[in-house]
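These are the residues of each chain, in order.
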Amino acid sequence: MNNNINEVIEHISHRVQNILKDPPSPVLSVSAAVAATWAIWRLTLTRRKANTPPIVPYNIPFIGNGLDLSKDPRKFIDKCKKRYGPIFQITTFGKTMVVVTGPYIQECFRLGDKYLDFNEGVEDFLPLQRILNISYDKQKRQEVKHENENKSPIVKAVRNNFKSHQLKIFEDRMQYAVDRGLELDIHFEPGAKSTTLEIDAVQHMVGRISALLFAGREVGESEELITAMATYAQSIFKAAIAYTSLPANLADFVTKNYLDISDQIDITMKHITPVLTKVKEQEEKEGQMDPDFFMHMMLHMPNADGSQPTPEEAGFWLQDISFASIHTTSLFTTWALHLLSDRPDIQELIRQETEAAKKKHGVLTPAVVKDMPIIDSIFRETLRLNSDYIGINHKAMQDTVLSNGIIIPKGKSVGMAVDDVHNDPTIQHVGENNIPLTEMDPRRFVSRKTKKSTSVGLDLLSFGLGYHACPGRYLASQEICYLLAKILEDYDISPDTKDGKRAPNRVAMGFLQLTPAKGVVLTKRS
Ligand code: HEM
């Protein structure tokens, strides 16, 4: 193969030299060889095994399709779909992946981990386990059975305890934590009526709720614990950036010495282990009690070998649940605030719905908010309109054939074109108000009972789909809707921009959506 390529390079090089008469020899030879190499490289790029996804060509190695994608991700994906079909391969900033669009996404989710593995797909982009191993050697995560069952105890515990009808036991704590967050995490200069709310403050508010629900009442109000839990995911992301830009061994060194997450884990362990030790001792004397916080639930989840976890083993999951829940919830709360920021009309609509609910139920609680269809529809719109252009990556564990005959080769990273389906009128109903899918329609899902913010499907992929669909989505939805309704009771929300329009999202790596660089302005309502 290499010989063939060399021969072709030589041949093209000679042809180029012959075309130009009397060439300035060395310069032309070099440029001819460069041109030939480029031509061959392009040739090998577009050559592919039969039935594998077509490769979208590019000119600059490493950057690949990254610049085109970053310029206008929605347009780029649409163009690729039209030119190369529903499944194609791109390279962006050193990462090569197969992009799946439209109904083929559903097919991918249905295949299961044997073919397309979600955890391996995440690990490809975010080497979570490696970062954890490098940073922390005092305690290891419990093994997960992998043969017939790919569910870790933490996923089972969230699935078993966080369905809509089970959230009642957390309600008073959520109310209390939201009140505390509004009081302590929103800061005004003396005499000022307005302030800017940044994502860090939102994250701290969500951390406040999570600490009480996950770590329990005894330690859940510790500011040290709240901060450690709220900032944990961000620290992991910083370390992950080192792994995307440096060779793995160097990234290990940087992570260990400069981006250490062990302080945050030490803090969570320092707080949670004594609480769980006390619970365990009490249960040994008096028998099992009904847990009312998540880490107590984890104490009842058997390890992979069937043994009961020690307080340290159970407590170690606190960092995992913080990672899975706080950052995601904070992102979508922030996006909802931005979506509302240039829509005072929709803010008013939510206030009217809140007032009507208070009249009916007496007081606004997290459960009452879940009975408010407009705010739920607005949250579903927030999920729909702020999804990654390509996301929920899986890894092909073996050659995987899709129904159109395309084979995704073993080892490939497979990304789903989420924003594309969320805006595709053949998949997403525009609704009775006919408001374009690129805009928010606060009532788009109000009259459609099967389209709650927690109802996942091809038309709502932000919580994933199928076997791994987010089991924490009922909690997230209740928490975000309640937080929004409470913020709107006290404040008007406006954008922190010169043109009065909502601040635009940022895009990372050409395909991930990030929250805007600026916060939103909150102004006290008189
Ligand atoms: C708006 C907030 C949230 C978003 C957008 C979100 C999104 C997601 C997504 C996309 C997945 C992967 C699904 C798939 O591959 O099909 C996932 C999994 C998961 N989420 Fe969430 N999540 C959120 C909040 C939460 C909360 C509050 C919790 C915990 C209470 C949680 C716990 C989990 C767990 C444990 C998994 C792994 C499920 C599995 O592997 O089977 N998430 N989430």
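Located above this text is the structure these notes cover.
None of these values were measured; they are calculated from a predicted model. (Residues numbered from 1 in each chain as written. Predicted model: local features only at pLDDT ≥ 70, side-chain atom pairs only at ≥ 80, totals over all residues. Heavy atoms only, no water.)

### Notes on the coordination of the iron atom of the ligand
Point 1. Within the protein, just one atom coordinates the iron atom of the ligand: C470 (SG), at a distance of 2.3 Å.
Point 2. Note on placement: C470 falls in the loop between α20 (418-422) and α21 (473-490). (Donors = N, O, S within 2.8 Å, 3.2 Å for Na, K, Ca; no water. Helix = DSSP H or I, 4+ residues; strand = E, 2+ residues; numbered from the N terminus.)

### A closer look at the pattern of salt bridges
Point 1. Under the definition given, this model contains 29 salt bridges.
Point 2. Its salt-bridge partner being D124, residue K395 comes within 3.5 Å of it at the nearest N-O pair. With K395 in strand β5 (residues 391-396) and D124 in helix α6 (residues 118-125), this residue pair connects regions lying 271 residues apart in the sequence.
Point 3. Where R343 meets D345, a salt bridge forms, and the shortest distance between an N and an O atom there is 2.8 Å.
Point 4. For R343, a relative accessible area of 27% corresponds to the partly exposed category.
Point 5. With relative accessibility at 44%, the residue D345 sits in the partly exposed group. (Salt bridge = Lys/Arg side-chain N within 4 Å of Asp/Glu carboxyl O. Buried < 20%, exposed > 50% of the residue type's maximum accessible area, 1.4 Å probe, protein only.)

### Observations concerning the environment of Q264
Point 1. Within the secondary structure, Q264 is located in helix α13 (residues 262-286).
Point 2. As for Q264 and T231, which are separated by 33 residues in sequence, their C-alpha atoms are 8.3 Å apart.
Point 3. Here S235 takes part through its side chain, which lies 3.0 Å from a polar atom of the side chain of Q264. (Polar contact = N/O pair within 3.5 Å; in protein donor to acceptor, adjacent residues only side chain to side chain.)

### Here we look at unusual backbone geometry
Point 1. The phi dihedral of F93 is positive, around 45°, even though this residue is not glycine.
Point 2. As for its position among the elements, F93 is in the loop between β1 (87-92) and β2 (95-100).
Point 3. Unusually for a residue other than glycine, I392 sits at a positive phi of about 45°.
Point 4. Among the structural elements, I392 can be located in strand β5.
Point 5. Judged by its relative accessible area of 22%, I392 falls in the partly exposed class.

### With respect to helix α5 (residues 104-111)
Point 1. Within α5, the full set of buried residues consists of Y104, I105, C108 and F109. Each buried residue of α5 lies within a common arc of 145° when the element is viewed along its axis, so the set occupies one face.
Point 2. Lining the buried residues of α5 we find β1, β2, β3 (116-117), β5, β8 (413-416) and α20.
Point 3. Looking one or two residues beyond α5, the residue adopting positive phi is G112, at roughly 85°. (Arc of directions from axis to C-beta. Contact = heavy atoms within 4.5 Å.)

### Describing the packing of helix α11 (residues 223-245) against helix α12 (residues 248-258)
Point 1. Packing of α11 against α12 leaves a shortest axis separation of 8 Å and a crossing angle of 155°. Viewed along their axes, α11 and α12 adopt a mutual orientation that is roughly antiparallel. Relative to α12, α11 is oriented so that their crossing is right-handed. Residues A239, A242 and Y243 of α11 form the contact with α12, whose participating residues are A248, A251, D252, V254 and T255. (Axes fitted to C-alpha atoms, helices over the stretch in contact; angles between N-to-C directions. Parallel < 35°, antiparallel > 145°, perpendicular 65-115°, else oblique. Left-handed = near helix turned anticlockwise from the far one by under 90°.)

### So, the packing of aromatic side chains
Point 1. Applying the stated criterion across every chain, the model contains 10 aromatic pairs.
Point 2. Here a set of aromatic residues connected by ring pairs shows up, and it is made of F162, F170, F214 and F294.
Point 3. We note R159 situated over the ring of Y467; from NZ or CZ to the ring centre the distance is 5.8 Å.
Point 4. Taking NZ or CZ as reference, K524 lies 4.3 Å from the ring centre of F188, over its face. (Phe/Tyr/Trp six-rings, centres within 6.5 Å; stacked < 30°, edge-to-face > 60°. Lys NZ or Arg CZ within 6 Å of the ring centre and 35° of its normal.)

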